[in-house]
Amino acid sequence: MKILPPRTLPRPARLTLAALLPLTLGLLGTTGGPTAQAQATPSVRTGKVKACFIYVGPVGDIGWSYAHDQARKKAEQALSWLETKYVESVPEGQATPVIDRLVRDGCQVIFTTSFGFMDQTLEAAKKYPNVIFAHASGFKRAPNMATYMADFYQIYYLNGMMAAAVSKSGKLGYVGAFPIPELKRHISAFALGARAVNPRATVNVKWINAWFDPNKAREAAEALISEGNDVLAFTEDTATVVQTAAARKVPSFAHYTAMYRFAPDYTVSGQIVHWDKIYIDFLTKVRSGTYTTKNLNKVDYWNLLRGGAVELGAQEGMAINPKWVPQLRAAKITVAGKPTTVYDRVLALKADMEKGGKFDPFTGPIRDRNGILRVPAGKVLSVAELNNMAWVVPGVVGQVADEPKK
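The structure reproduced in this document is the subject of the present report. Quick caveat, the model's predicted, so the values are computed rather than measured.

Another point: the pattern of salt bridges. Within this structure, the stated rule accounts for 16 salt bridges. Members of the salt-bridge network, linked through shared partners, are Lys50, Glu83, Lys85 and Asp105.

Structure below.
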């Protein structure tokens, strides 16, 4: 039962706390442990459902884990029968003891929210067949384990268009966490959008090899600005790039949450996620009996603009910062032989993608930056191909680990 549009990708280790995590928000101690037969199957139709969440970063990161936790709270508010708990700052590869504790604490549904939790979640699903598991950003499933993702590549394309329109130099800077398929996909979509406006635009990437490291993010942003990049975008889990860019009077594009408040004069737009759209739907189906411990093998949410779990915006309800609209209206491009403005084109594409229309940023022909044809004419990259994307498109500048040369 493939769920569409309800699904990015590998997220390597984000943030560590300590070897043995403080159990936040009332998580219980470590005594005892149920056998697989002793676990509680989720109550359906009546009674409470207890859902528990494992985060790779702190809930205050303003990025990935913060967004998941905001969605947890919204789900709890929306569903009177839902009880939730969470553990934050769990290092990837160290989820097993946390899952064990949550099962002992009676969690009937467990969400593991980072790519590096995937294999341990699968192991736990086999160990606890009466518990429902859902893993964010991965691709492995089991009868009692689903996958889910809210992806931004469509929005990065639109932001790339706007970035090229407001840039004077055509040099766009990008602070990247890790060179994984998720970021290669997003950086490439950003570059494709930029080159749709300015065919000579470049996207200059600096990797910080961390999801949460404000000092590294600030240093990378400052270095990019010093090298002449006059617009910044990023994929890491803080508002540091937005704040650093604003301090240098450089426009930027926010990531993951509404960051307009950190730089109201310089945040042009950005990507916003609404994980609650997925969590509420998933948990409602668990309670109704639609999803069980026997039928999740093909449940995979891949949510794009059409699904409502992602939004273009500097903040919720503000797709484009009004301060930058005049400049976007002044930027002219030609589409199918007809003149238009970047502002109008962005809004038209946004509307098309929200309806599941024909446009997709990864429609061929597309060659990688080494000249190799990756998407033939008339073809569109599949979800599986997007999830395994190792190459980047022309215009991306800088070293990219694991980039295929042929």
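With that settled, the discussion passes to the sheet that holds strand β5 (residues 145-150). With parallel pairing, the six strands of this open sheet are ordered in space as β2-β1-β3-β4-β5-β11. The open sheet is flanked by β2 (82-87) and β11 (300-303), the only strands paired with a single partner. Recorded for the sheet is a direction-independent mean angle of 15 degrees between the axes of neighbouring strands. Sheet analysis places strand β3 (residues 109-112) next to strand β4 (residues 132-136), joined by four bridges and oriented parallel. Bridged to valine 109 within β4 is isoleucine 132. The sheet strands contacting helix α3 (residues 118-127) are β3, β4 and β5, and the helix crosses β4 at an angle near 170 degrees. Sheet strands in contact with helix α8 (residues 276-288) are β1 (49-54), β2, β3, β4, β5 and β11, and its direction is about 155 degrees off that of β3.

All told, the structure shown has one disulfide when counted by the stated rule. The side chain of cysteine 52 participates in a disulfide bridge whose partner is cysteine 107; the two sulfur atoms lie 2.0 Å from each other. With the S-S bond torsion at -70 degrees, the cross-link from cysteine 52 to cysteine 107 turns out left-handed. Of the two residues, cysteine 52 is situated in strand β1 and cysteine 107 in the loop between α2 (96-104) and β3; the sequence distance between them amounts to 55 residues. The two residues cysteine 52 and cysteine 107 agree in class, both being buried.

In this section: α3. Among the residues of α3, Met118, Gln120, Thr121, Leu122, Ala124 and Ala125 are the ones counted as buried. Of the surrounding elements, those touching the buried residues of α3 are α2, β3, β4 and β5.

The next thing to look at is the pairing of strand β6 (residues 171-176). The buried fraction of β6 amounts to five of the six residues, a majority that puts the element mostly inside the structure. Looking at chain direction, β6 and strand β7 (residues 202-207) are connected through six bridges and run parallel. Paired with tyrosine 174 across the strands is valine 205, a residue of β7. In the classification by handedness, the crossover that spans β6, the intervening helix α5 (residues 181-197) and the parallel β7 is right-handed. Pairing between β6 and strand β8 (residues 231-235): five bridges, direction parallel. Residue pairing across strands places glycine 176 opposite threonine 235, the latter belonging to β8.

Scoring rules and cut-offs
- Residues numbered from 1 in each chain as written.
- Predicted model: local features only at pLDDT ≥ 70, side-chain atom pairs only at ≥ 80, totals over all residues.
- Heavy atoms only, no water.
- Salt bridge = Lys/Arg side-chain N within 4 Å of Asp/Glu carboxyl O.
- Pairing = 2+ DSSP bridges.
- Helix = DSSP H or I, 4+ residues; strand = E, 2+ residues; numbered from the N terminus.
- Axes fitted to C-alpha atoms, helices over the stretch in contact; angles between N-to-C directions.
- Contact = heavy atoms within 4.5 Å.
- Disulfide = S-S within 2.5 Å.
- Buried < 20%, exposed > 50% of the residue type's maximum accessible area, 1.4 Å probe, protein only.
- Right-handed = clockwise from strand over helix to strand, strands pointing away.

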